[in-house]
Amino acid sequence: MATRIDKDACREAYNLVRDDNTDINWASFKYDGSTIVPGGQGTEYEEFKQQCTDDERLFGFVRITTGDAMSKRVKFTLITWIGENISGLQRAKISTDKTLVKDIVQNFAKEFMISDARELEEDYIRDELKKAGGANYDAQAE
């Protein structure tokens, strides 16, 4: 059966993360049978990480504040999580299903495909976003 996405519900979750007037910093999109639906949202990155278990495959849209002593910038990232216990067929399918998610989640600085929990560390994600962001004028890091 072809995968579908609940566009309206997923777009609403996506927009909450992008909205500067909310505290929502992440939204996840999970499979409910063959339909991708919002899986949760929250204010703390650790809450998002807890959803990324060995038996789960999901997409996450995450807001991370980067920058240096002179300026702070908000960056967004799309994370595809594939747990260790996910079958080969489901692993292959997630790549094509990601196009459905990208129809909704269109603005992000960097995309990650992760299956190792160590790569989910917030500092790692933040460092990668800094690299993708270009110039880094943080004189205090010298």
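These remarks concern the structure in this document. Predicted model, so just to flag it, every value in this text is computed and none were measured.

1. Considerations on the overall build of the chain
Secondary structure summary: the chain contains four helices and six strands in total. Counting helices and strands in the order they occur from the N terminus, the chain gives β-α-β-β-α-β-β-α-β-α. When the backbone C-alpha atoms are referred to their principal axes, the chain occupies close to 55 × 30 × 25 Å. Partitioning the contacts of the chain with sequence separation of at least 6, the portion at a separation of at least 24 is 60%. When the accessible area of the chain is evaluated, it comes to approximately 8000 Å², of which 43% is carbon and sulfur surface.

2. Thoughts on the nonpolar core
Phe29, Ile36, Phe59, Phe61, Val101 and Val105 are the most contacted members of the largest nonpolar core, which totals 20 residues. Among the secondary structure elements, those contributing two or more residues to this core are helix H1 (7-18), strand E2 (26-32), strand E4 (57-67), strand E5 (72-82) and helix H3 (88-102). Of all the elements, H1 adds the most residues to this core, at four residues. What Phe61 contacts, discounting residues up to four positions off in sequence, is Tyr14, Val17, Arg18, Asn25, Trp26, Ala27, Phe29, Phe76, Thr77, Val105, Asn107 and Phe108. Counting 14 residues, the second-largest nonpolar core is a separate cluster that includes Phe48, Leu58, Ile79 and Leu120.

3. Comments concerning helix H4 (residues 122-132)
One turn of an α-helix holds 3.6 residues; hence residues three or four places apart share an orientation. Those residues of H4 not exposed but buried are Ile125, Glu128 and Leu129. Burial along H4 is one-sided: seen end-on, the buried residues are contained in an arc of 100°. Exposed positions of H4 whose direction lies more than 90 degrees from the buried face are Asp123 and Lys131. Buried positions along H4 lie against helix H2 (45-51), E4, E5 and strand E6 (110-114).

4. A look at the pattern of salt bridges
Summed over all chains, the structure comprises twelve salt bridges. Here Lys110 and Glu128 are joined by a salt bridge, their closest N and O atoms 4.0 Å apart. Taken together, the residues span a long stretch of sequence, with Lys110 in strand E6 and Glu128 in helix H4 at a distance of 18 residues. Within the structure, one salt-bridge network assembled from shared partners comprises Glu46, Lys49 and Glu121.

5. Concerning the sheet that holds E2
Taking strand neighbours across the sheet as the criterion, the six strands line up as E1-E3-E2-E4-E5-E6 in an open arrangement whose pairing is mixed. The sheet is open, and its two edges are formed by strand E1 (4-5) and E6, each paired on a single side.

6. A look at the packing of aromatic side chains
Scanning the model with the defined rule gives six aromatic pairs in all. A ring pair is formed by Tyr31 and Phe59, whose centres lie 6.3 Å apart and whose planes are at 45°; its orientation type is tilted. Within this pair, whereas Tyr31 is found in strand E2, its partner Phe59 is found in strand E4, the two being separated by 28 residues in sequence. Neither Tyr31 nor Phe59 differs from the other in exposure class; each is buried. Grouped by ring-pair contacts, the aromatic residues Tyr14, Phe61 and Phe76 constitute a single cluster. Against the face of Phe112 rests Lys110, its NZ or CZ located 5.7 Å from the ring centre.

7. A few points about the environment of Asp116
Examined against the element boundaries, Asp116 turns out to sit in the loop between E6 and H4. Among the polar contacts listed, one links the side chain of Asp116 to the side chain of Arg118, at a separation of 2.7 Å.

Here is what the cut-offs are and how they apply
- Residues numbered from 1 in each chain as written.
- Predicted model: local features only at pLDDT ≥ 70, side-chain atom pairs only at ≥ 80, totals over all residues.
- Heavy atoms only, no water.
- Helix = DSSP H or I, 4+ residues; strand = E, 2+ residues; numbered from the N terminus.
- Contact = heavy atoms within 4.5 Å.
- Areas by Shrake-Rupley, 256 points an atom, 1.4 Å probe, with all protein chains shown as cover.
- Core = buried A, V, L, I, M, F, W, Y, C linked by side-chain atoms within 4.5 Å.
- Buried < 20%, exposed > 50% of the residue type's maximum accessible area, 1.4 Å probe, protein only.
- Arc of directions from axis to C-beta.
- Salt bridge = Lys/Arg side-chain N within 4 Å of Asp/Glu carboxyl O.
- Pairing = 2+ DSSP bridges.
- Phe/Tyr/Trp six-rings, centres within 6.5 Å; stacked < 30°, edge-to-face > 60°.
- Lys NZ or Arg CZ within 6 Å of the ring centre and 35° of its normal.
- Polar contact = N/O pair within 3.5 Å; in protein donor to acceptor, adjacent residues only side chain to side chain.

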